[in-house]
Protein chains: 4
Amino acid sequence: MRKLDPVKHENKRQEILTAAMRCFLRSGLKGASTAQICSEAKISPGHLYHYFESKEAIIGALSEAYLQTAAERFRAAVGGDRSVINAILSEMDIQAKGSQPAKLALLFEVFAESARNPEIAKILRTYDLSRRGVMAEVLRHGQRRGEIDPKLDPEAGATAVIGLVDAAKAMTLRASRSDVKKVQDTFKSILTGLLRSPTQKATKSTPPFRSRP
Amino acid sequence: MRKLDPVKHENKRQEILTAAMRCFLRSGLKGASTAQICSEAKISPGHLYHYFESKEAIIGALSEAYLQTAAERFRAAVGGDRSVINAILSEMDIQAKGSQPAKLALLFEVFAESARNPEIAKILRTYDLSRRGVMAEVLRHGQRRGEIDPKLDPEAGATAVIGLVDAAKAMTLRASRSDVKKVQDTFKSILTGLLRSPTQKATKSTPPFRSRP
Amino acid sequence: MRKLDPVKHENKRQEILTAAMRCFLRSGLKGASTAQICSEAKISPGHLYHYFESKEAIIGALSEAYLQTAAERFRAAVGGDRSVINAILSEMDIQAKGSQPAKLALLFEVFAESARNPEIAKILRTYDLSRRGVMAEVLRHGQRRGEIDPKLDPEAGATAVIGLVDAAKAMTLRASRSDVKKVQDTFKSILTGLLRSPTQKATKSTPPFRSRP
Amino acid sequence: MRKLDPVKHENKRQEILTAAMRCFLRSGLKGASTAQICSEAKISPGHLYHYFESKEAIIGALSEAYLQTAAERFRAAVGGDRSVINAILSEMDIQAKGSQPAKLALLFEVFAESARNPEIAKILRTYDLSRRGVMAEVLRHGQRRGEIDPKLDPEAGATAVIGLVDAAKAMTLRASRSDVKKVQDTFKSILTGLLRSPTQKATKSTPPFRSRP
DNA sequence: GATGAATGAGACTTCATTCAT
DNA sequence: CATGAATGAAGTCTCATTCAT
């Protein structure tokens, strides 16, 4: 007789979150209204507040879910038996290619929000730390397997790699469609150059964007 | 008969813009209200519309002014007789250090806005093209002076450099204060490695974030 | 689960409409503010928009309701067993006598609005067509009963009759109170003369506004 | 040295009035702003108040001018040597054909305004009285010349004629373009029948909108 | 659980008018 | 005479949230 079906409750919560995501993608963080979200989720405006304390709470939950998913995906990607560098490069590909402008815009808005909303700031910080931790771990793993330059400091390297991945992603918003590919190749080359162990560096592939001799 | 004011008008316009900037920094793009802006600029609510057609127009003007200033500063920085690479590195420094979180957050919001507001999108695109053009020109100049690897394709190189500068800047928002310096050094090293001409590469400085031997 | 309210909702809607009508009569179409309407209807300023999309929508609904009522009343009036001509004449009476200046002024404003607002224009056009259709039908009915001149073209006759009714109504706004009765008699005579079948025309009543012999 | 050039002042006043008329026709009475009018008249917003006390005063002046012009035109039209009935019919033609929807809408708005603005009400009343006076005079003139039924009461007849003329004019706003001609013929026939002297009535033209035998 | 009516502050913007220059 | 900066009230509408049912 107590709370009816915690499973159903959680399911509805998820439905609302995905509905909210659609709204946010369409209209932006402030642009999407709770009314919009409710109608997208097919619930009444009052009922929203059974599941979330406020609009902010929805944004928080959504951010957290998104970032967790991203982290898990990355962990899975580098978990396989594949070369570590290739895993990182393919991660960059996925990030850059899967980035519809609307999604990126939303991400930017969340970043901006984090500068004014401590709740969001905390979520982002947590995610960033975990992301860097995972990346450092991955780099260490690669060093043990001889794929990554053993002289590289894993912590600082992780920061650099993540920065590059993010830069590649951000580029897609502003660069013309025709430039995107070139830009991505550029960053992949930089990454490879940064990470590759010296023995591999001997057999250098043609470096990026050199003029043809 | 006298048209007294083209200069006074422009001054007031600028005052309003800086007042608006303060508001936007404090409360965000959508968070700042026209009422706030007017009271900050010490004008009546209606009077704002003598100077700007809409709140959007203010954002547009502000974006344009900011981007123009940035472009001019950069052009000045590389215009001197200094080594081109140093100029670029110092540009990165300025971008990263001058970036208060509030300012960065605002920039993010503007990027996000550009995904939904064609007016803003156009301004950003124009700026981005000019920025890349200037950077490519700078790289060519460096190649003529033997400072930059002559095999580097200036256009693609410019894109890469700008991406790195932006990444360094963006990093400052999320990395803990203590990490920021390390991150910047990382990116500076990458940049240097990317651009330096082979003769200079012979006398290699300590590579970035290598574990100490 | 319960959908309690389709009827309550409609009631509130009607309350708001009558409140709005009072405001419009008092202050005119543009003169009445949504705030005024809300306070007259004893609802909060925002709540209005649960029931109507916009102020325009209120005007539209009000116009439509008014015109529908008028049409139904007229249909009822001529539906009885009374002489058709008498029914039309009494319709003219009702129109002219029931016309408070404020109501007429409002009607004029709606007409004016229709020249600039396609939504209103459509409503008026629909009403006008239906009105003319009904009147033509009535005339045909009268012709079958031998009350109306069989040579009269029902469509064109309807147009003329409606024009006369409207003219009688409009007159009340400008003519001095003492003139109104005279004007109405005038138009009634014209109408009678226009419609009466030849057999009835033989027994002519005193013609309108002839100087006494 | 006193007031500079009263003639120039009057000229500018007229220019402003015609500019205001353009604005009112375009946007309506409340829809047109003083700013719009000033820019159309090419004067500064403040300067408007050298010529008119308020926006209302402009509307008043415009109404008065318009009505005066109309009255004069009509007096001129019936002043010639032409048959009185023809003069009235042609007046009806002119009124109906020259009525662009925008002009009619404006007229309606002025009527509506008169119900709430005593200033305007007074102007309209004055005009209406003069109009009726002129028309009655015309009818008497026609009676002296044997063109108009001598039994017709000139005052009441004038009211009826004006009502018909106005009705014909108003019709043009709502009737479909194809109907307008028919409607006008209808009213002209009614008018003719109403006014024509018995001797002329003997030679009856085919009455209006009779079905063909 | 679920509805949707209700709130009221506040958003952006317009406008007739005044006033210093 | 003429300008246009300035006012401030008011306009329509939106929105996150609450509450009775």
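Structure shown above.
A.B. asks: Describe the relation of the copies chain B and chain A, with residues and values.
C.D. replies: For the pair chain B and chain A, the superposition axis carries a translation of 0.1 Å, the fit reaches an RMSD of 0.2 Å, and the rotation angle comes to 179°. Here the copies are linked by what is in effect a two-fold axis. Here 98% of the interface residues in chain B have copies in chain A that are interface residues too; the copies meet face to matching face.

A.B. asks: Give me the lowdown on the protein's contact with DNA strand E, citing residues and values where you can.
C.D. replies: The full set close to DNA strand E counts 30 residues, and Thr-34 and Tyr-49 of chain B, His-47 and Tyr-51 of chain C together with Thr-34 of chain D are the nearest of them. Taken together, the sugar and phosphate atoms account for 61% of what DNA strand E places within 4 Å of the protein. Note that a phosphate oxygen of DNA strand E is positioned 3.0 Å from one of the side-chain N or O atoms of Tyr-49 of chain D. Separating a phosphate oxygen of DNA strand E from a side-chain N or O atom of Lys-55 of chain D is a distance of 2.9 Å. Elements represented by at least two residues in the surface near DNA strand E include exactly helix 3 (48-51) of chain A together with helix 3 (48-51) of chain C. Its residues placed into classes, the surface near DNA strand E shows eight nonpolar, 18 polar and four charged.

A.B. asks: Explain the interface of chain D and chain C to me, using residue names and the numbers behind them.
C.D. replies: Counting from both sides, the interface comprises 47 residues of chain D and, opposite them, 46 residues of chain C. Taking both sides of the interface into account, the surface hidden between chain D and chain C amounts to around 3,900 Å²; carbon and sulfur atoms contribute 64%. Viewed at the interface, chain C and chain D are joined by two salt bridges. A salt bridge links Arg-116 of chain D to Glu-109 of chain C; the nearest nitrogen and oxygen atoms lie 2.8 Å apart. Across the contact surface, chain D and chain C share two residue pairs in polar contact (both at pLDDT 80 or more). A class-by-class count of the residues in the side of chain D that touches chain C yields 23 nonpolar, eight polar and 16 charged.

A.B. asks: Lay out the nonpolar core in plain terms, naming residues and giving numbers.
C.D. replies: Formed by 70 residues in total, the largest nonpolar core has its most connected members in Phe-24, Leu-48, Phe-52 and Ile-58 of chain C together with Phe-24, Phe-52 and Ile-58 of chain D. Among residues more than four places away in sequence, those in contact with Phe-24 of chain C are Leu-29, Ala-32, Ile-37, Lys-55, Ile-58, Ile-59, Leu-62 and Leu-106 of chain C together with Arg-116 of chain D.

A.B. asks: Explain the arrangement of the chains to me, using residue names and the numbers behind them.
C.D. replies: In this structure chain A stays clear of chain C, and the shortest span between their C-alpha atoms is 11 Å. One thing to see here is that chain B and chain D don't touch, and their nearest C-alpha atoms sit 11 Å from each other.

A.B. asks: Tell me what's going on with the interface of chain B and chain A, and back it up with residues and numbers.
C.D. replies: Taken together, the contact between chain B and chain A spans 46 residues of the former and 46 residues of the latter. Carbon and sulfur atoms make up 64% of the surface buried where chain B meets chain A, a total of about 3,900 Å² over both sides. Joining chain B to chain A, the criterion identifies two residue pairs in polar contact (both at pLDDT 80 or more). In terms of residue count, the dominant contributor to the side of chain B that touches chain A is helix 8 (residues 154-174) of chain B (12 residues). Among the residues making up the side of chain B that touches chain A, the classes are represented as 23 nonpolar, eight polar and 15 charged.

A.B. asks: Could you give an account of the state of the cysteines, with specific residues and numbers?
C.D. replies: All names here are of chain B. Counted according to the given criterion, the structure contains zero disulfides over all chains. Just so you know, Cys-38 is unpaired, no disulfide at all, and the nearest cysteine sulfur is the one on Cys-23, 9.1 Å from it. Among the residues examined, Cys-38 registers a relative accessible area of 3% and is labelled buried.

A.B. asks: Lay out the packing of helix 4 (residues 55-79) of chain A against helix 5 (residues 84-97) of chain A in plain terms, naming residues and giving numbers.
C.D. replies: Residue and element names in this part refer to chain A. Relative orientation of the contacting elements helix 4 and helix 5 amounts to 145°, with a least axis distance of 9 Å. Viewed along their axes, helix 4 and helix 5 form a crossing whose handedness is right-handed. Residues Arg-73, Phe-74, Ala-77 and Val-78 of helix 4 form the contact with helix 5, whose participating residues are Ala-87, Glu-91, Ile-94 and Gln-95. Counted by class, the contact of helix 4 with helix 5 contains five nonpolar, one polar and two charged residues.

The rules we used
- Residues numbered from 1 in each chain as written.
- Chains lettered and ligands numbered in written order.
- Predicted model: local features only at pLDDT ≥ 70, side-chain atom pairs only at ≥ 80, totals over all residues.
- Heavy atoms only, no water.
- Least-squares fit on C-alpha atoms with pLDDT ≥ 70 in both.
- Contact = heavy atoms within 4.5 Å.
- Near = heavy atom within 4 Å.
- Polar contact = N/O pair within 3.5 Å; in protein donor to acceptor, adjacent residues only side chain to side chain.
- Helix = DSSP H or I, 4+ residues; strand = E, 2+ residues; numbered from the N terminus.
- Nonpolar A, V, L, I, M, F, W, Y, C, P; charged D, E, K, R; others polar.
- Buried area = accessible area lost by both parts, 1.4 Å probe.
- Salt bridge = Lys/Arg side-chain N within 4 Å of Asp/Glu carboxyl O.
- Core = buried A, V, L, I, M, F, W, Y, C linked by side-chain atoms within 4.5 Å.
- Buried < 20%, exposed > 50% of the residue type's maximum accessible area, 1.4 Å probe, protein only.
- Disulfide = S-S within 2.5 Å.
- Axes fitted to C-alpha atoms, helices over the stretch in contact; angles between N-to-C directions.
- Left-handed = near helix turned anticlockwise from the far one by under 90°.

Any functional reading would require information beyond the geometric quantities listed.
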